[in-house]
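A closer look at the structure
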Amino acid sequence: MAKDSPDDMMAEAASPQGGPPESKLIETKRAWAREGRLLTGAAPGAERPRLPPGQRLVTSWPVLDLGIQPEVDTNTWTLTVEGLVDRPFTWSWADFQAQPVVNDTSDIHCVTSWSRYDNHWQGVSARHLVTLAQPQPDAAHVLLHSHDGYTTNLRLAAFDDADVLLATRWEGQPLTREHGGPVRLVVPKAYFWKSAKWIRRIQFINDDTPGFWEVRGYHNEGDPWTEQRYG
């Protein structure tokens with residue numbers, strides 16, 4: 001896949017198919033957080049522009065990961081939903097495929113400064129999952145776990161939003177391995193590191209638990225329009 005700029009090459013894939021996360025890649029992005037890289041300081045206006053401050057448009061879809069692209073077989077794939085819910089469950093791939101399908105179009109905003117408009121997704125809505133799980137009153141956050149060991153956190157209200165989905169298809173085609181297939185989360189209102197790839201487990205929790213990038217200097221919420229790049 002063609003790269004969009006030298007900056008993207010520092011964070012995109014050309015990564016191995018397995019093994020531990022690339023420490024150089026991770027340290028580079030931690031340095032960005034320490035330096036406040038890409039922050040413009042622009043004051044938010046009354047209306048949000050479509051392109052958040054500090055972002056630039058691309059037409060390709062850059063690939064970012066931790067240097068690991070796990071091979072996830074749908075014959076053995078499961079999604080476990082647990083924690084502070086009245087109805088925990090584990091879905092097989094057949095169970096997931098039996099859920100109501102939603103289609104959504106949204107933009108991607110990556111913290112490494114690129115945005116891509118009008119991505120067409122298909123999958124299962126997070127709101128449907130929440131309805132089935134029935135979170136308990138103490139549940140205020142979710143912690144998302146991926147097959148590559150990645151984690152990220154969201155407020156329950158941010159997860160339980162109309163445009164959030166567990167996507168299996170992009171632009172009419174099954175999600176490829178490099179982009180998080182067979183299933184990834186899509187959270188359009190947050191920087192894209194919150195949209196965990198290769199999703200395998202969703203925990204409903206009370207206390208907020210920062211994930212992989214959040215403990216490495218990145219913002220806990222990740223709102224692109226208020227430049228919540230770093231914590």
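Direction of pairing for strand β4 (residues 102-109) relative to strand β5 (residues 114-125): antiparallel, over a ladder of seven bridges. Counted as the bridge partner of N103 is Q122 from β5. Here β4 folds back onto β5, and the loop between the two strands holds four residues, one of which, S113, carries a positive phi near 105°.

Reading across the sheet, the five strands line up as β3-β2-β11-β6-β7 and stay open at both edges, with mixed pairing between neighbours. With one partner strand each, in any of the chains shown, β3 (89-92) and β7 (151-155) form the two edges of the open sheet. The average angle at which neighbouring strand axes cross in this sheet is 15°, direction not considered. Two elements, strand β2 (residues 78-83) and β3, share four bridges in a ladder whose sense is antiparallel. When the sheet's bridge partners are listed, T78 is paired in β3 with S92. Along the sheet face, helix α4 (residues 126-133) touches β2, β3 and β11 (199-205) and points at about 135° away from the line of β3.

Take the packing of aromatic side chains next. For any pair of aromatic rings, geometry is given as the distance between the ring centres together with the angle between the planes. Scanning all chains against the criterion turns up 14 aromatic pairs. When the ring of Y191 is compared with that of W193, the centres are 5.8 Å apart and the planes differ by 10°; the resulting orientation is stacked. Since its relative accessible area comes to 0%, Y191 is described here as buried. By way of ring pairs, the aromatic residues Y150, Y191, W193, F212, W213, Y218 and Y230 are connected into one cluster. Above the plane of the ring of Y117 lies R50, whose end atom (NZ or CZ) is 3.9 Å from the centre. Over the face of the ring belonging to F212 we find R216, whose NZ or CZ atom lies 3.8 Å from the ring centre.

Chain-level statistics for the protein give a pLDDT mean of 89 and a share of 89% at 70 or above. Per-residue pLDDT stays below 50 along residues 1-20; that stretch engages in 51 contacts with residues further than four places along the chain or on separate chains.

Our focus in this paragraph is the environment of P137. With respect to the secondary-structure elements, P137 resides in the loop between α4 and β6 (141-146). You can call P137 exposed: its relative accessible area is 83%. Taking C-alpha positions, P137 is 9.1 Å from N206, a pair spaced 69 residues apart along the chain.

Reading the values: the criteria
Residues numbered from 1 in each chain as written. Predicted model: local features only at pLDDT ≥ 70, side-chain atom pairs only at ≥ 80, totals over all residues. Heavy atoms only, no water. Pairing = 2+ DSSP bridges. Helix = DSSP H or I, 4+ residues; strand = E, 2+ residues; numbered from the N terminus. Axes fitted to C-alpha atoms, helices over the stretch in contact; angles between N-to-C directions. Contact = heavy atoms within 4.5 Å. Phe/Tyr/Trp six-rings, centres within 6.5 Å; stacked < 30°, edge-to-face > 60°. Buried < 20%, exposed > 50% of the residue type's maximum accessible area, 1.4 Å probe, protein only. Lys NZ or Arg CZ within 6 Å of the ring centre and 35° of its normal. pLDDT = per-residue confidence, 0-100.

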